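Here are the chains, one letter per residue:
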Amino acid sequence: MGIQNRIDQILQGRVELFEQIVQEHQRSISTFCYFMLGDRQEAEDATQEVFFKAYRNLGNYRHDSEALFKSWLYKIASNYCSSLLRRKKMWQLLMPLIRNEESEKSAEQIFSEEFNPHLPWLEILNPGEKEMLALRVIEDKPFDEISEILGISPAAGRKRFERLKNKLNKNRTQWEAWKYEQRTES
């Protein structure tokens with residue numbers, strides 16, 4: 001059964017078919033969101049939101065290609081995660097202005113600071129670079145598919161990836177020094 005046929009049936013009330021779609025794509029979308037956001041809980045929440053948005057917009061999807069459908073899901077995930085990162089950055093800029101320095105940290109803040117599986121080399125990447133890295137390296141997507149997801153030409157995708165590799169290679173020594181420092185402090 002093609003994806004468009006399944007979507008038509010979902011729109012007619014066979015919601016269990018959407019559950020199958022979620023099960024088929026949840027792992028890859030969740031991995032993508034985790035890579036973009038760097039936080040497991042945020043990635044889980046983002047994954048749920050991506051599928052919720054996809055469900056709400058199924059009526060607008062008009063292709064009968066499983067690959068295009070997966071690209072559509074990635075585009076939703078990319079837009080959502082990028083938006084979330086922008087809001088987070090804005091919040092981090094505003095927080096020092098309104099934070100009460102005397103207030104105590106919540107248990108969640110303490111846990112987050114102590115047990116955050118931190119990927120320091122991701123801090124140097126902007127959301128677009130994280131997206132490119134996730135699609136090319138984590139998801140092993142070809143440049144044709146990446147270009148479709150990002151709305152750019154395959155040549156531009158290759159060029160962006162080359163720039164990203166150069167940026168990461170340039171900062172590799174800094175990251176390795178940080179990693180070594182972390183090991184020696186433990």
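Scroll up for the structure.
Residues numbered from 1 in each chain as written. Predicted model: local features only at pLDDT ≥ 70, side-chain atom pairs only at ≥ 80, totals over all residues. Heavy atoms only, no water.

**What about the pattern of salt bridges?**
Convention followed: Salt bridge, as applied in this entry: a Lys or Arg side-chain nitrogen positioned within 4 Å of an Asp or Glu carboxyl oxygen. The helix and strand labels rest on DSSP assignments: H or I over at least four residues marks a helix, E over at least two residues marks a strand, and numbering proceeds from the N terminus. Between buried and exposed lies partly exposed: a residue is buried under 20% and exposed over 50% of the maximum accessible area for its type, with that area taken using a 1.4 Å probe on protein chains only.
The final tally for this structure, using the stated rule, is five salt bridges. In this structure, the salt-bridge partner of Glu162 is Lys165, at a minimum N-O distance of 3.1 Å. Linking Glu162 with Lys165, this pair stays in helix α8 (residues 154-185), spanning three residues, or about one helical turn. Given a relative accessible area of 39%, Glu162 falls into the partly exposed group. The exposure class of Lys165 is partly exposed, given its relative accessible area of 35%.

**Observations regarding the nonpolar core**
Soluble globular proteins tend to bury their nonpolar side chains together. Using the following cut-off: Put simply, a nonpolar core is a bunch of buried Ala, Val, Leu, Ile, Met, Phe, Trp, Tyr and Cys residues held in one set by side-chain atoms that sit within 4.5 Å of each other. In what follows, a contact means two residues having at least one pair of non-hydrogen atoms within 4.5 Å.
Counting 42 residues, the largest nonpolar core has Phe18, Ile29, Cys33 and Phe69 as its most contacted members. Contributions of two or more residues to this core are made by α1 (3-11), α2 (16-37), α3 (40-56), α4 (66-98), α6 (127-138), α7 (143-150) and α8. Considering each element in turn, this core owes the most residues, 10 residues, to α2. Ignoring any residue separated from it by four or fewer positions in sequence, one finds Cys33 in contact with Gly38, Ala43, Ala46, Thr47, Val50, Ala77 and Cys81.

**Notes on α3**
Counting along an α-helix, one turn takes 3.6 residues, and residues three or four places apart therefore face a common direction. In plain terms, the rule: Helices are assigned an expected span. That span is 1.5 Å times one less than the residue count. Whenever a nitrogen or oxygen atom comes within 3.5 Å of another N or O atom, the pair is scored as a polar contact, on the condition that within protein one atom can donate a hydrogen and the other can accept it, and that pairs from neighbouring residues in sequence are kept only if both atoms are in side chains.
The first and last C-alpha atoms of α3 sit 24 Å apart over 17 residues, in line with the 24 Å expected at 1.5 Å per residue. A distance of 3.2 Å separates the backbone nitrogen of Gln41 from a side-chain oxygen at the start of α3, and that oxygen is part of Asp39.

**Things to note about the packing of aromatic side chains**
Put simply, the rule reads: The rule is short: rings of Phe, Tyr and Trp, with Trp giving its six-membered ring, pair when the centres are within 6.5 Å, and they are stacked under 30 degrees, edge-to-face over 60, tilted in between. When the NZ atom of lysine or the CZ atom of arginine is within 6 Å of a ring's centre and also within 35 degrees of its normal, the charge is said to sit over that ring.
Under the definition given, this model contains six aromatic pairs. Aromatic pair Phe32 and Tyr74: ring centres 5.4 Å apart, planes at 80°, arrangement edge-to-face. You can see Phe32 sitting in helix α2 and its partner Tyr74 sitting in helix α4, a full 42 residues away along the chain. The same class applies to Phe32 as to Tyr74, namely buried. Between Tyr61 and Phe69, the ring centres sit 5.3 Å apart and the planes meet at 90°, which makes this aromatic pair edge-to-face. For Phe69, a relative accessible area of 0% translates into the label buried. Here the aromatic residues Tyr61, Phe69 and Trp72 are joined through ring pairs into a cluster of three or more. Across the ring face of Phe161, the terminal group of Arg136 is positioned such that the distance to the ring centre comes to 5.9 Å.

**Quick word on the side chain of Ser28**
Note on placement: Ser28 falls in helix α2. Exposure remark for Ser28: the relative accessible area of 11% places this residue in the buried category. A polar contact of 3.1 Å, which involves the side chain of Ser28, links it to the backbone oxygen of His25. In this view, Ser28 contacts Lys70, Tyr74 and Glu139; residues no more than four positions away in its chain are not counted.

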